[in-house]
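Each chain, letter by letter, is given below.
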Amino acid sequence: SADDMLLPLVSMQYPQKGETDARNLKTIRAEAAKYKGDPWAERALAIAEAIGGDATTAAPLLDAALAKTPADPMLLRWRARLYKPFDPDTPEEDVKSARRLLTRAYKADPNDWLTLRDYVRTYQARNPVLEKNQMNALLAAYQLAPQVSELAIETGDALARAGRYREAWSVMSPTVFNPHRRNLSDEVQAYMAALKAEDGEKVKAFLAKGLPAVADEEEEPSGGKN
């Protein structure tokens, strides 16, 4: 089953057009039907439905797969996302359920940066200024995957909001000043200069109106689907 389903499943986990996701999901559904009872096929279908299908279909499939492999970090992470914990309007009980699943995912694989980032995002959706433990979790995610530009920008943003301006500049610089970048706006340069100079007033002004676009100017693929 992996021979037929792995590539479309991997493809679905990266940013792309909606029609591409729909085509991959259709392929995975068709292939899963050929391999009924195959645990890998069931797992792939559950994840694909979580990404490109809907929560009503995906939730029971993920639950069934987790009943067989309760310590699968990817299944746990995608099941947590079905609770929509990054939506500030999500009920607190659902957010707590998502955090419990993400905690299990972290225990199963402490080196999965996506799990750590997801856990932190459940707090950022409600308060962009992180507490100490939340910041430590985000920094741990960054240390595991410093090459992911999207994560570097998010970590830099969190550090800047905590008043740790030079650290924010250090974390963001490799992404912002990437030589393969198509362009670098004056606003981005001004923001980075304010961070480097530790000019709190200017940094706070940027944060108040919204950060200048950085990660979306990148030519390379991002770290994966949110």
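Scroll up to find the structure this text is about.
Residues numbered from 1 in each chain as written. Predicted model: local features only at pLDDT ≥ 70, side-chain atom pairs only at ≥ 80, totals over all residues. Heavy atoms only, no water.

**Focus: the nonpolar core**
Formed by 33 residues in total, the largest nonpolar core has its most connected members in Tyr-191, Met-192, Leu-195 and Val-203. Of all elements in the fold, only helix 7 (113–124), helix 8 (132–144), helix 9 (149–161), helix 10 (165–176), helix 11 (186–196) and helix 12 (200–209) reach the threshold of two or more residues within this core. Setting aside residues no more than four positions away along its own chain, Leu-195 makes contact with Ala-160, Tyr-165, Arg-166, Ala-168, Trp-169, Met-172 and Val-203. Counting 28 residues, the second largest nonpolar core, distinct from the first, contains Ala-41, Leu-62, Leu-76 and Leu-101. (Core = buried A, V, L, I, M, F, W, Y, C linked by side-chain atoms within 4.5 Å. Buried < 20%, exposed > 50% of the residue type's maximum accessible area, 1.4 Å probe, protein only. Helix = DSSP H or I, 4+ residues; strand = E, 2+ residues; numbered from the N terminus. Contact = heavy atoms within 4.5 Å.)

**Quick notes on helix 9**
For helix 9, with 13 residues, the first-to-last C-alpha span of 18 Å sits near the 18 Å given by 1.5 Å per residue. Residues Ser-149, Glu-150, Leu-151, Ala-152, Ile-153, Glu-154, Thr-155, Gly-156, Asp-157, Ala-158, Leu-159 and Ala-160 constitute the buried set of helix 9. Looking at the buried residues of helix 9, the elements they touch are helix 7, helix 8, helix 10, helix 11 and helix 12. Directly beyond the C-terminal end of helix 9, a positive phi value near 80 degrees is found at Gly-163. (Expected span 1.5 Å × (residues − 1).)

**Quick look at the packing of aromatic side chains**
Scanning the entire structure with this criterion turns up two aromatic pairs. Ring geometry for Tyr-191 versus Phe-206: centroids 5.2 Å apart, planes at 70 degrees, classification edge-to-face. Taken as a pair, Tyr-191 in helix 11 and Phe-206 in helix 12 lie far apart in primary sequence, 15 residues in all. According to the relative accessible area criterion, Tyr-191 is buried, its value standing at 1%. Judged by its relative accessible area of 10%, Phe-206 is buried. Between the NZ or CZ atom of Arg-99 and the centre of the ring of Tyr-123, over which it lies, the distance is 3.6 Å. The ring centre of Trp-169 lies 5.8 Å from the NZ or CZ of Arg-166, which sits over that ring. (Phe/Tyr/Trp six-rings, centres within 6.5 Å; stacked < 30°, edge-to-face > 60°. Lys NZ or Arg CZ within 6 Å of the ring centre and 35° of its normal.)

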